[in-house]
Amino acid sequence: MNIKAFIPNFVTLLNLLCGSIAVVFVVNNHFTLAAIFVFLGIFFDFFDGLLARKLNVQSELGIQLDSLADMVTSGLVPGLIMYKLLELATNTNGITITDDWSDSLYWSGVNVSVLPFLGLLITLSSAYRLARFNIDEDQQTYFKGLPTPANALLVLSLPLILEFQNNDLINATILNPWFLMVLTLLSTYLLNSPIKLFALKFKSYGFKTNAVRYIFLILSVVLLIVLQFAAIPLVILLYILLSLFNTIN
């Protein structure tokens with residue numbers, strides 16, 4: 001086996017491992033720990049493609065493996081987080097078993113609340129977006145629709161804001177069921193929208209050819225320093241607005 005060719009795939013598997021660990025933490029309501037592993041997974045996702053290009057070992061296997069890893073880290077995890085947030089907002093459990101198991105094959109007293117499952121639309125839309133990306137030859141220098149890692153960060157910011165920002169108005173907004181439902185539908189649209197968004201890939205480092213990228217990075221850093229986790233939704237909005245402005249010009 002060509003060891004050099006396996007290095008990017010190994011990094012991709014680290015992304016998948018981080019996403020799988022994050023799923024376990026989300027299921028057990030440890031959102032901060034889940035966030036740490038999603039951030040790590042997105043970090044690995046950024047560098048696997050970079051390594052493949054630098055080592056000149058791009059392959060169809062790597063492309064498919066990358067999407068499978070993203071499906072967990074940036075597709076399943078945000079869907080589960082939105083599911084959990086909708087449970088909190090409605091003070092319900094998606095599935096409640098009121099009776100004990102009577103034997104290994106039968107149970108009774110199962111109550112299902114449908115609304116929290118709306119959050120899984122994000123997972124379905126992420127899968128569709130990743131499948132479209134793999135067969136779309138136009139998305140080499142730009143993205144069509146919001147990339148799944150960016151969408152994952154948007155959703156993941158919500159429990160972090162609740163945990164660390166300690167603002168009653170923001171908390172009440174985030175835990176409003178209507179806000180979460182609208183955000184879920186907006187997220188599913190943005191993932192597969194026709195909006196062209198610039199990619200953070202630098203073919204050169206000159207300011208003239210990368211002005212929109214440098215402006216985005218500088219403003220994002222400023223927002224994150226000032227607003228901390230509450231800045232993440234604003235950074236995503238800034239990304240979309242700058243992309244629209246860049247497309248028009």
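Let me begin by describing the structure that accompanies this report. (Residues numbered from 1 in each chain as written. Predicted model: local features only at pLDDT ≥ 70, side-chain atom pairs only at ≥ 80, totals over all residues. Heavy atoms only, no water.)

**Focus on the layout of surface pockets**
- For the second largest pocket, the calculated volume is near 390 Å³.
- Taken together, 17 residues make up the lining of the second largest pocket; nearest its centre are Leu154, Phe179, Ala230, Pro233 and Leu234.
- Elements supplying a minimum of two residues to the lining of the second largest pocket: helix H5 (148-164), helix H6 (168-174), helix H7 (177-191) and helix H9 (231-248).
- Top contributing element to the lining of the second largest pocket by residue count: H9, with five residues.
- Here the lining of the second largest pocket is composed, by residue class, of 16 nonpolar, one polar and no charged. (1 Å grid on protein atoms, 1.4 Å probe; cavity = no way out; pocket = protein on both sides within 12 Å on 5 of 7 lines; lining within 4 Å. Points joined across faces, edges and corners; volume = space filled by probe spheres on them. Helix = DSSP H or I, 4+ residues; strand = E, 2+ residues; numbered from the N terminus. Nonpolar A, V, L, I, M, F, W, Y, C, P; charged D, E, K, R; others polar.)

**Thoughts on the packing of H5 against H7**
- Relative to each other, H5 and H7 sit at 170°, their axes nearing to 10 Å. The angle between H5 and H7 places the two elements in the roughly antiparallel class. Contact with H5, carried on its side by Thr148, Asn151, Leu154 and Leu158, involves Leu180, Leu183, Ser187 and Leu191 of H7 and no other residues of that element.
- A class-by-class count of the residues in the contact of H5 with H7 yields five nonpolar, three polar and no charged. (Axes fitted to C-alpha atoms, helices over the stretch in contact; angles between N-to-C directions. Parallel < 35°, antiparallel > 145°, perpendicular 65-115°, else oblique. Contact = heavy atoms within 4.5 Å.)

**Quick notes on the side chain of Thr188**
- Within the fold, Thr188 resides in helix H7.
- Taking relative accessible area as the criterion, Thr188 reaches 16% and is therefore assigned buried. (Buried < 20%, exposed > 50% of the residue type's maximum accessible area, 1.4 Å probe, protein only.)

**A few points about the packing of aromatic side chains**
- Summed over the entire model, instances satisfying the criterion amount to 11 aromatic pairs.
- Relative to Phe10, the ring of Phe6 has its centre 6.4 Å away and its plane inclined at 45°; by these criteria the two rings are tilted. Of the two residues, Phe6 and Phe10 are both situated in helix H1 (residues 3-27); the distance of four residues between them amounts to about one turn of the helix.
- By relative accessible area, which is 44% here, Phe10 ends up partly exposed.
- Summarising the aromatic geometry, the rings of Phe46 and Phe47 are spaced 5.2 Å apart at their centres and angled 85° between planes, so their arrangement reads as edge-to-face. (Phe/Tyr/Trp six-rings, centres within 6.5 Å; stacked < 30°, edge-to-face > 60°.)

**Points about the environment of Asn9**
- Checked against the element boundaries, Asn9 lands in helix H1.
- Between the C-alpha atom of Asn9 and that of Ser59, which follows or precedes it by 50 residues, the distance is 9.6 Å.
- Beyond its immediate sequence surroundings of up to four residues, Asn9 is in contact with Leu61, Gly62 and Leu65.

**Looking at a nonpolar patch on the surface**
- Residues Ile218, Val221, Val222, Ile225, Val226, Leu227, Leu234, Leu237, Leu241 and Leu244 make up a contiguous nonpolar surface patch of about 890 Å² in total accessible area.
- Looking at the nonpolar patch, the elements with two or more residues in it are helix H8 (211-227) and H9.
- Broken down by element, the nonpolar patch gets its largest block of residues, six residues, from H8.
- The exposure class of Leu237 is partly exposed, given its relative accessible area of 44%. (Patch = residues over 30% accessible without salt bridge, like charges linked within 9 Å, V, L, I, M, F, W, Y side chains within 5 Å. Areas by Shrake-Rupley, 256 points an atom, 1.4 Å probe, with all protein chains shown as cover. Salt bridge = Lys/Arg side-chain N within 4 Å of Asp/Glu carboxyl O.)

**Some points on H7**
- For H7, which comprises 15 residues, the first-to-last C-alpha distance of 21 Å matches the rise-based estimate of 21 Å (1.5 Å per residue) to within 8%.
- Three or more residues of H7 are buried, namely Leu180, Met181, Leu183, Thr184, Ser187, Thr188, Leu190 and Leu191.
- Elements in contact with the buried residues of H7: helix H3 (60-90), helix H4 (121-135), strand E3 (142-144), H5, H6 and H9.
- By the N-cap criterion, in which a side-chain oxygen at the helix start approaches the backbone nitrogen of a residue two or three places on, H7 is capped by Asn176, the distance to Trp178 being 2.8 Å. (Expected span 1.5 Å × (residues − 1). Polar contact = N/O pair within 3.5 Å; in protein donor to acceptor, adjacent residues only side chain to side chain.)

**Quick notes on the side chain of Asn151**
- Mapped onto the elements of the fold, Asn151 is located in helix H5.
- Excluding anything up to four places from it in sequence, Asn151 contacts Ile122, Leu146, Ser187 and Leu191.

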